Amino acid sequence: SFFDELCERLNVFKVETVGDSYMSVCNIVEPQPHHASLAARFAVEAMLVASMVPIDVEDPSAGFVELQIGLHTGPVVTHVIGTKNARFTLIGDTVNTAARMESNSKPGKIMCSEDSYRLICKDQYDDGEFEVEKRGVVHIKGKGDMITYW
């Protein structure tokens with residue numbers, strides 16, 4: 001898929017696809033000092049490509065695919081689950097928070113936590129290529145009120 005190719009090009013690790021969710025991570029296989037910007041670049045490029053995919057090729061009036069993306073930065077625990085059909089997985093609060101960023105985002109938007117925002121802004125690799133605006137405080141289930149950004 002395009003997302004898998006994008007992962008390879010940006011050196012982003014695909015964790016899994018479940019239903020309509022695609023989970024990827026940076027800074028897990030090898031150190032990546034600019035991991036937040038890589039994750040943001042992946043999100044922006046994925047959003048752009050998806051926006052060119054028609055929902056129904058036979059009915060252009062149905063519009064185009066709009067992704068809803070969430071980003072968060074922090075530590076995770078990696079583990080291989082199972083022996084017969086072994087599967088790599090990530091667990092921890094960072095994974096849960098990233099999922100909450102996605103579920104509280106909006107179609108056509110990338111929502112990130114303040115932790116990701118700070119790293120993206122601090123990252124010299126970025127050179128201002130991302131336009132980030134404050135969304136404000138959002139109540140996040142299991143986390144409470146969090147400052148978030150688009």
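Residues numbered from 1 in each chain as written. Predicted model: local features only at pLDDT ≥ 70, side-chain atom pairs only at ≥ 80, totals over all residues. Heavy atoms only, no water.

All right, on to the overall build of the protein chain then. Along its length, the protein chain carries four helices and eight strands. From first element to last, N terminus to C terminus, the protein chain shows the α and β order α-β-β-α-β-β-β-α-β-α-β-β. Over its C-alpha atoms the protein chain spans a radius of gyration of 16 Å, differing by no more than 12% from the 15 Å that the globule rule assigns to 150 residues. With respect to the principal axes defined by its C-alpha atoms, the protein chain has extents near 45 × 45 × 30 Å. (Helix = DSSP H or I, 4+ residues; strand = E, 2+ residues; numbered from the N terminus. Rg over C-alpha atoms; globule rule 2.2 N^0.38 Å.)

What follows concerns the state of the cysteines. Across all of its chains, the model carries zero disulfides by this definition. Cys112 takes part in no disulfide bond, and the closest cysteine sulfur to it belongs to Cys121, at a distance of 8.1 Å. For Cys121, a relative accessible area of 44% corresponds to the partly exposed category. (Disulfide = S-S within 2.5 Å. Buried < 20%, exposed > 50% of the residue type's maximum accessible area, 1.4 Å probe, protein only.)

Right, let's talk about the packing of helix 2 (residues 35-50) against helix 4 (residues 114-122) for a bit. The interhelical angle for the contact between helix 2 and helix 4, taken along N-to-C directions, is 100 degrees, at an axis separation of 8 Å. By the angle class used here, helix 2 and helix 4 are roughly perpendicular. Contact residues: His35, Ala36, Ser37 and Ala40 in helix 2; Ser116, Leu119 and Ile120 in helix 4. A class-by-class count of the residues in the contact of helix 2 with helix 4 yields four nonpolar, three polar and no charged. (Axes fitted to C-alpha atoms, helices over the stretch in contact; angles between N-to-C directions. Parallel < 35°, antiparallel > 145°, perpendicular 65-115°, else oblique. Contact = heavy atoms within 4.5 Å. Nonpolar A, V, L, I, M, F, W, Y, C, P; charged D, E, K, R; others polar.)

Here helix 1 (residues 2-10) crosses helix 2 at 150 degrees, and the two axes come no closer than 11 Å. Taken together, the axis directions place helix 1 and helix 2 in an arrangement best described as roughly antiparallel. Helix 2 is crossed by helix 1, and the crossing has right-handed handedness. Between helix 1 and helix 2, the residues in contact are Phe2, Phe3, Leu6, Cys7, Arg9 and Leu10 and Leu38, Arg41, Phe42, Glu45, Ala46 and Val49, respectively. Broken down by class, the residue content of the contact of helix 1 with helix 2 amounts to nine nonpolar, no polar and three charged. (Left-handed = near helix turned anticlockwise from the far one by under 90°.)

Going through the model one piece at a time under the given rule, you end up with five salt bridges. One salt bridge in this structure joins Glu16 and Arg87, with 2.1 Å as the shortest N-O distance. Here the residue Glu16 occupies a position in strand 1 (residues 13-18), and Arg87 occupies one in strand 5 (residues 87-91), the gap between them amounting to 71 residues. A relative accessible area of 42% means that Arg87 is categorised as partly exposed. Notably, a salt bridge pairs Arg118 with Glu114, separated by 3.5 Å at the nearest N-O pair. Here Glu114 and Arg118 lie together in helix 4, a separation of four residues that amounts to about one turn. (Salt bridge = Lys/Arg side-chain N within 4 Å of Asp/Glu carboxyl O.)

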